[in-house]
Amino acid sequence: MVAAPASGHGKTTVATGLMAALARAGHTVSGHKVGPDYIDPGYHALATGRPGRNLDPHLVGEERLVPLLLHGARGADLAVIEGVMGLYDGQIGGDGFASTAHVAAVTRTPVVLVVDISSASRTIAATIHGLCTWSQPPVDVVGVILNKAGSARHADEVVRSIGNRLPVLGILQRDDGIEAPSRHLGLVPAAERGDAAAALDRLAAQIAEKVDLAAVVRLASAAPELHEVPWDPAEALGFDTLASLAAQPASDVPPSVEQGALAPVSKPGEGPRIAVAGGRAFTFRYAETVELLRAAGAEVVDLDPLTDTRLPEGTTGLYLGGGFPEMHAAELGANERLRRDIRTSIARGLPTVAECAGLLYLCESVRGPDGPAVPMVGAVDAVAEMAPRLTLSYRTATVPTDNLLARAGEVVTGHEFHRTHLTRAATGHAAWHLPHAEGIATGTLHASYLHTHWAGHPQLALRFVQAARKHRGPDLRHHGDKEATAGLVDLAVNVFDGPRPTWLDKALVESVTEADAYPDASEAERAVAKKHGRDDVDVLATAGAAEAFTLIARMREWRHPVVVHPQFTEPEVALRTAGHTPGQVLLSEDDGFRLKADDVPDDADLVIIGNPTNPTGVRHRAATLKQLTRQDRLVVVDEAFLDDDVETLADERTSGIVVLRSLTKIWSIPGIRAGYLLADPQVVDELRRRQTPWSVSAPAIAALIATSSEQAQDEAGMRARELTDRRRHLEAGLHELGIETVPSTAPYVLAKTGAGSREALRGLGFAVRRADTFPGLSDEWVRISARRKSVTDDLLGALRSLHPVLRKPVGIRHSGATVTPL
C-alpha cells in the first residue's frame, strides 16, 4: 500500500512508477486504488498492462475488499495499492471509514509511505513517527520513500532524523517532468494524454534507479496470506445458485431472486449487445462493470462518441459512464450523426444507463469552461454548464420508484464527483433520493450524477442486461406479407383482393414475348408523364418504390436525413444500408398523427414522408408538404396509397419535391415490381445515373404503360371508391365495438385493439398487420386492410368474441378527435 500524510505528496506518481518499474523488471503487477477515483487507475493500467481497479468499502462493502483484491490480482505475483488522501483520512464523520488505513487493515497489506520533504527536514521524522504509531486502525508501516528532496544534503538531514525507526526505500529529487497535468477533477486521464506512455517510461526509469525495488518486493512478500475466496462476477450475480433455485417450486425461491433472474446466460452472438462508451471523453468506468455485464450474458462492444458515427450494429443496450464531455464538447457536438442515432434509439426504448458524464451527454446542451453551449444528444430535457465549485461526496441513495436499474425502496451507495450542474432540471421521475431528487429514470433510461460500483450492487447490472435482452427495437424489415401465412384470412397485406383487369393481364402476358431484348423504359416514362401532365424528363421508372428509396438514399452524402414516423419503414432501411443515420420525426397520437411543418428540423436536407401515411392512413395537406421545401433540401413524398389523387403533388413540378408512386397495391401486382418517381429534371438525371441498367423489367414496363391509359384511370377511380366503401364499413364496425381508430383515407385502418389481440386473432384464423414494428407505435395497435364486407364482418365477429365487454356498443372513439377524414 502506497500511502502519504496528505494529498499532494506524490502517491500517484510513486505508486504508478513502482508499478511500471516492477513490471519492466519482469514482475506481473496488478494495480489498485483506494477510494472511488477513476483517473489514477487509468495510469495504473498503462503501467501494468492490466485493468486498474478500485477498493472502496463505501461503494462495495467492507466484506468485498479482500475478494475484489484477490480477483484483480489473479495471475499477478505482486499487487500495488495506491492510497487516498492522508493515511487515516476517510469518510467525513466515519472515524476513518474508507480510509487508506481502513483498507490496509482489512486487506492486511503492509504500507509504504511517500512523504514530500520539500518544505521541512527533521519535522518529517516526527510526521512519520506519528503515522506509524497512531494506529486508528492499526496498520503495518514498513518503509518510506522521500519525495521532492531539494538536494543531497537536504535528503541526508531527513534520513538522519528518521534513523533506524523505518527503512528509507528511496529518495526522489524534485522533477516536475514526471508529474501528470491536472484539471478541475484532478489529473488529466492517461487516455487523453498523447505523451502518457513516454512520461511513464521516464518515471519508471527514475523509480528503478532511485528506489530499492528488491526491498519493496521483499516487504510485499512478507504480507500475510489472504485465504478469502476471490470475487467472481457470475457468483456475484447469483448464477452459482440458479440451477438449484430453478428446480425449486416458485414459493421456495428466495424473494431476493427477482423474476427473470433465472434466465440462462446467452450463447455467444445470441445475447444482448451492450455498447459501452469509451475514448478520450468517457474514461471513467470500473473494470468490474464490464465483467458483470459479460457474466450476465451480454456481449460488450466499444463505442467512441468522438469518432463513431452510429451505434454498433445490433445494439440493445447503451452504457455511458463518466469522463469529461465538457472538455470535448465541440467534438461531441460535431458528431451529429451519432447524437441523432442515440436520441432516436433512446426514444425507441433502448435501455440506457448514463452516469455523470453520460448524463451531460444526453442533455440538450453542455457549456464547457471556456466556450458557448454546444448541442448534445437531447434525450434528456435539461442543459448543463460548469459549476462554481466541485461536488465531491459519498452518497447513500434511496430509490423513489421502480425503474430500469432499481426498485422502489432499495438503498444503494455511490459517490458524486463533478464540476458541472444542470441549469434546467430534467422532468420526470427522479433516479435517486440523496435525499434531494437526483437524475431521471424510467423503465428504459437511468441518468444521474451518482456513480455506483456494480460489484457492490450486482442486481443493477443484472436488471440492465435483462432489459437489453428484451429490447430488440422495431424490426424495420417486417412487412404484412410475413403475417399472411397459409391458412389465414389475409387482412395484413394492402393489395387489392379483387381480380386484375383483363387488359392488364393481357399486357403482362404479351410482355414476355419481348424478353429476348433488353428492356427500355422510355415509352413507359412518356406514358406516365402524359398521365400526370408532366414533361418526359420529370419521370424515372423504377422497380417499385423500394428501388426509388435505395436510389435516393445513395444519391448524396446526406447530412441530416429524417423520416417522418410512423410510416413505411423501407426508406429508413435504405438510408441505414447506405451508411446514413436518419433522424426520426415521431408524430403524436394526441395530434392525430398529423404533421406540422415546424415538426421537421430546420437543418434536415432530406425529408421522407408518406401521403397518406402507412399505417395511420392520415393524409397530409399538399400545402403543408410544400411548406417543407427549403433550399438544399429534398422532400420525398410516397404516394403509394393515394389512389384518388386528392392532395397529390404528382401532377405539377414543385422544386425540391420528389413524388413516388407504385402499381403494387391498387393493381394487385406485387410480384411485378413496377413504380416510378416524378421530380425536377436535375434530380431525375442524378438518380438515373445511379440506377442499375435494365432494372425495370419488360412486364413492369408493360404495366406502367397499360395503367397510364384513360381506361386505366377510370378503372383506378372505381377501385378507389370501392376501397373507400370497404374502409368505411370496417371503421363503422370497429367503432360499434368501441375500438379506437385513427381516421383514415387509405385502404386500411389503424386500430387500437389491445396488446395481444394480433396473436389472438391469428388463433381464430385472421392475419392483421402488427404495428409495433412502426416507430412510434406499440403492440396495442394493429393495421387492418379493407376487404370485402363479408370478410370484414367475419373479422368483427372474431374481435367481438375476444372482447365480450365490447358486444354492447359503447360509442365511437377516434384517436386525435380533432382530425377529420378528407
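Before any of the text, the structure's been laid out above.
Computed from a predicted structure; not experimentally measured.

## Thoughts on the packing of helix α4 (residues 65-72) against helix α5 (residues 100-107)
Where α4 contacts α5, the axes come no closer than 9 Å and their chain directions differ by 80 degrees. Relative to α5, the element α4 lies roughly perpendicular. Facing α4, whose interface residues are L65, V66 and L69, α5 presents V103, V106 and T107. Split by residue class, the contact of α4 with α5 holds 5 nonpolar, 1 polar and no charged.

## Let's talk about the sheet that holds strand β23 (residues 539-542)
As summarised here, the arrangement of the 7 strands in space is β23-β29-β28-β27-β26-β24-β25, forming an open sheet in which the pairing is mixed. Edge positions in the sheet fall to β23 and β25 (583-586), since each has one partner strand and no second. The mean angle between the axes of side-by-side strands here comes to 20 degrees, regardless of whether they run parallel or antiparallel. One ladder, built from 4 bridges, connects strand β24 (residues 561-565) with β25; its direction is parallel. The residue bridging V563 from the neighbouring strand is Q584, located in β25.

## A look at the pattern of salt bridges
Under the definition given, this model contains 44 salt bridges. The salt bridge involving E291 is made with R53; its shortest N-O contact spans 2.7 Å. On the criterion of sequence distance, the pair formed by E291 in helix α12 (residues 287-295) and R53 in strand β3 (residues 53-55) is long-range, its members being 238 residues apart. Taken individually, E291 and R53 each receive the classification buried, so the pair is uniform in this respect. R762 serves as the salt-bridge partner of E483, at 3.7 Å between the closest nitrogen and oxygen.

## Details of the nonpolar core
A general tendency of soluble globular proteins is for nonpolar side chains to be buried together. In terms of nonpolar packing, the biggest core is built from 77 residues, with L113, L293 and W454 touching the most fellow members. Looking at this core, the element that brings in the most residues is helix α16 (residues 458-470), giving 7 residues. Sequence-distant contacts of L113, defined by excluding residues within four places in its chain, comprise A3, A4, L87, I128, L131, V141, G143, V144, I145 and L166. Core analysis: the next-biggest nonpolar cluster, separate from the first, contains 52 residues, L504, F593, L595 and A597 among them.

## A closer look at the sheet that holds strand β13 (residues 352-355)
The 6 strands lie next to each other as β11-β10-β12-β13-β21-β20, forming an open sheet whose pairing is mixed. Here the strands that pair on one side only, and so sit at the sheet edges, are β11 (299-303) and β20 (440-441). Bridge analysis of β20 against strand β21 (residues 445-448) gives 2 bridges, and the strand direction is antiparallel. The partner of I440 across the bridge, within β21, is A447.

Conventions used here
- Residues numbered from 1 in each chain as written.
- Predicted model: local features only at pLDDT ≥ 70, side-chain atom pairs only at ≥ 80, totals over all residues.
- Heavy atoms only, no water.
- Axes fitted to C-alpha atoms, helices over the stretch in contact; angles between N-to-C directions.
- Helix = DSSP H or I, 4+ residues; strand = E, 2+ residues; numbered from the N terminus.
- Parallel < 35°, antiparallel > 145°, perpendicular 65-115°, else oblique.
- Contact = heavy atoms within 4.5 Å.
- Nonpolar A, V, L, I, M, F, W, Y, C, P; charged D, E, K, R; others polar.
- Pairing = 2+ DSSP bridges.
- Salt bridge = Lys/Arg side-chain N within 4 Å of Asp/Glu carboxyl O.
- Buried < 20%, exposed > 50% of the residue type's maximum accessible area, 1.4 Å probe, protein only.
- Core = buried A, V, L, I, M, F, W, Y, C linked by side-chain atoms within 4.5 Å.

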